[in-house]
Amino acid sequence: GMSDNINIMASAETTTASNERTMSGTKRDHSPSKNTSNGGDGSLAISSTTSPPTKRLSSNNGEVGVSDGNNNNNHINSSSLPKGEETMLPTTTTSSPLSSQPPNSTTPKNATNNATNNTPSKKKEGDDNLTSKDYYFDSYSHHGIHEEMLKDEVRTRTYQMAILNNKHLFKNKIVLDVGCGTGILSMFAVQAGAAHVYAVDCSSIIDQARRIVSDNGMSDKITLIRGKMEEIDLPVKQVDIIVSEWMGYFLLYESMLNTVLYARDKWLKPEEGIVFPDKAVMYLCAVEDEQMKYERIDFWDNVYGFDMSALKEVALKEPVVDIVDPKLIVTDSVPILNIDLQKCTEEDLSFTSPFRLRARRRDHVHSFVAYFECAFTRVHKPLGFSTSPFSKYTHWKQTIFYLDEPISMCEGEEITGTIKCTPNSGNKRDLDIALDISFDGAHSKFTNKRVGYRLR
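Model, not experiment: these values are computed from the prediction.

Asker: Please provide a residue-by-residue account of unusual backbone geometry, values included.
Answerer: The omega torsion across Phe276 and Pro277 is -5°, close enough to zero to call that bond cis. By the element assignment, Pro277 lies in the loop between strand E10 (274–276) and strand E11 (279–287). Its identity is not glycine, yet Phe250 carries a phi of approximately 55°, on the positive side. Among the secondary structure elements, Phe250 is positioned in the loop between strand E9 (241–243) and helix H8 (257–267). Here Glu254, not a glycine, exhibits a phi torsion of approximately 50°, which is positive. Its location among the elements puts Glu254 in the loop between E9 and H8.

Asker: Tell me about the packing of helix H4 (residues 153–164) against helix H6 (residues 184–191), and name the residues and values.
Answerer: Put simply, H4 and H6 touch, their axes get as near as 9 Å, and they point 25° apart. Our classification of the angle between H4 and H6 gives roughly parallel. Judged by the sense of rotation from one axis to the other, the crossing of H4 with H6 is right-handed. Counting all contacts with H4, which are made through Thr156, Tyr159, Gln160, Ile163 and Leu164, the residues of H6 involved are Ile184, Leu185, Phe188, Ala189 and Gln191. Of the residues in the contact of H4 with H6, the class split is 7 nonpolar, 3 polar and no charged.

Asker: Which residues make up the sheet that holds E10, and what values do they have?
Answerer: Spatial strand order, E8-E7-E6-E9-E10: 5 strands in an open sheet with parallel pairing. Of all the strands in the sheet, the pair left with one neighbour each is strand E8 (222–226) and E10. The average undirected angle you get between the axes of adjacent strands in this sheet is 20°. In the sheet, strand E6 (residues 174–178) pairs with strand E7 (residues 196–201) via 5 bridges, with the strands oriented parallel. Each residue of the ladder has a partner; that of Val175, found in E7, is Val197.

Asker: Pulling in residues and values, what's your account of the pattern of salt bridges?
Answerer: Per the stated rule, a full pass over the model turns up 18 salt bridges. Here Lys445 and Asp440 are joined by a salt bridge, their closest N and O atoms 2.7 Å apart. For the residue pair Lys445 and Asp440, the accessibility class agrees, reading exposed in each case. Three or more residues joined by partner-sharing salt bridges are found here, namely Lys293, Asp298, Asp301 and Lys312.

Asker: Talk me through the sheet that holds strand E19 (residues 431–440); I want residue IDs and the actual numbers.
Answerer: With respect to topology, 4 strands assemble into an open sheet ordered E14-E18-E19-E20, the strand pairing being antiparallel. Of all the strands in the sheet, the pair left with one neighbour each is strand E14 (351–358) and strand E20 (445–455). Each adjacent strand pair in this sheet contributes to an overall mean axis angle of 15°, direction not counted. Across 9 bridges, the pairing between strand E18 (residues 414–423) and E19 is antiparallel. In the strand pairing of E19, Thr418 is matched with Asp436.

Procedures and definitions
- Residues numbered from 1 in each chain as written.
- Predicted model: local features only at pLDDT ≥ 70, side-chain atom pairs only at ≥ 80, totals over all residues.
- Heavy atoms only, no water.
- Helix = DSSP H or I, 4+ residues; strand = E, 2+ residues; numbered from the N terminus.
- Axes fitted to C-alpha atoms, helices over the stretch in contact; angles between N-to-C directions.
- Parallel < 35°, antiparallel > 145°, perpendicular 65-115°, else oblique.
- Left-handed = near helix turned anticlockwise from the far one by under 90°.
- Contact = heavy atoms within 4.5 Å.
- Nonpolar A, V, L, I, M, F, W, Y, C, P; charged D, E, K, R; others polar.
- Pairing = 2+ DSSP bridges.
- Salt bridge = Lys/Arg side-chain N within 4 Å of Asp/Glu carboxyl O.
- Buried < 20%, exposed > 50% of the residue type's maximum accessible area, 1.4 Å probe, protein only.

Shown next, in the form of structure tokens:
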């Protein structure tokens, strides 16, 4: 049996990163990432309960875990991960001095954000039937997206380790790969001893995946199916394991989680069936980001002498996906969403969560930042990865929500509020996000201020 709380300790290699800042938007970059990163020491805390963890405990050796209220913490240190493959980094649900965090900025080097130039056409040559509503699936036929994801070592190697280090779970089992892309997770599953893998994807990338599977001698073990999960038929009634890399920006944006849950309810064996990964937690913190706010938001006040502030209002409503320098984080981080993929429902993905962010130092807050962690806990040695600003770079980066006016905070003061996230009524892959915030500080005071965003 698994304990109620799993704590995964790990550290990441520290590499030198360029201090160059890049502008980023809210769509996936289709070009391969050339980013380097720095890392630090810390912990990943994934709770097996459906509610966010509420209390942090620090042991004498600096390990930080999520408490179940009974001080029953399981600590799994970085020695449980193969050398050089540690991926987990800190979540900070209690205050700790910023001086104890990694000193170097983590920024992408030469990263591109020109979604227009890198995004494939909505209509492919010779295909007159594609419309804008097919764009989400069509965009994933572009090899650049898969190149970026495959080169994200944190993502790909964590999946590789979770599968290949648990061959006892995969041996002679039937596996379903939801959103298989190039088929790499399916091939990992075959390496781990799976009897057969059914790999499903809506995009034409599956044509290349079929060749890839064949070129690697696995055609007899992997059946590739093109279509929507909700519309296809499988030649089996049940599967033992579902593998999927479903996470989007802000965890839920353009994610395939609804599809994974549909596949789970229709095909996964109800008791012993496993979803890989099975846990995800999203966190929120507040940061000082005056320079980037000026470049991204205040820029519109004076554009070559013209007042374009009408676009400033639009810019404020669009969250930005980019790397956040960990030194800019002013507050602690708190969990706002805790997902158990074995049990959660589609309704759970529309959520409202209270939060309380405590300042670690005196500073101005210009934005809120969200990031997430995923974990494989139903395995022999649980492991996972984090997209925290303190962690090694991933293509998910972090999601930034700018405020129209900065908040002046003194150490120990708290921003309180709620965050509400729902799929947009017009396009369910877009997210409507609203924050209601209150602050009673020495230099700023306001109550129930609402700021709204649309991630699209």
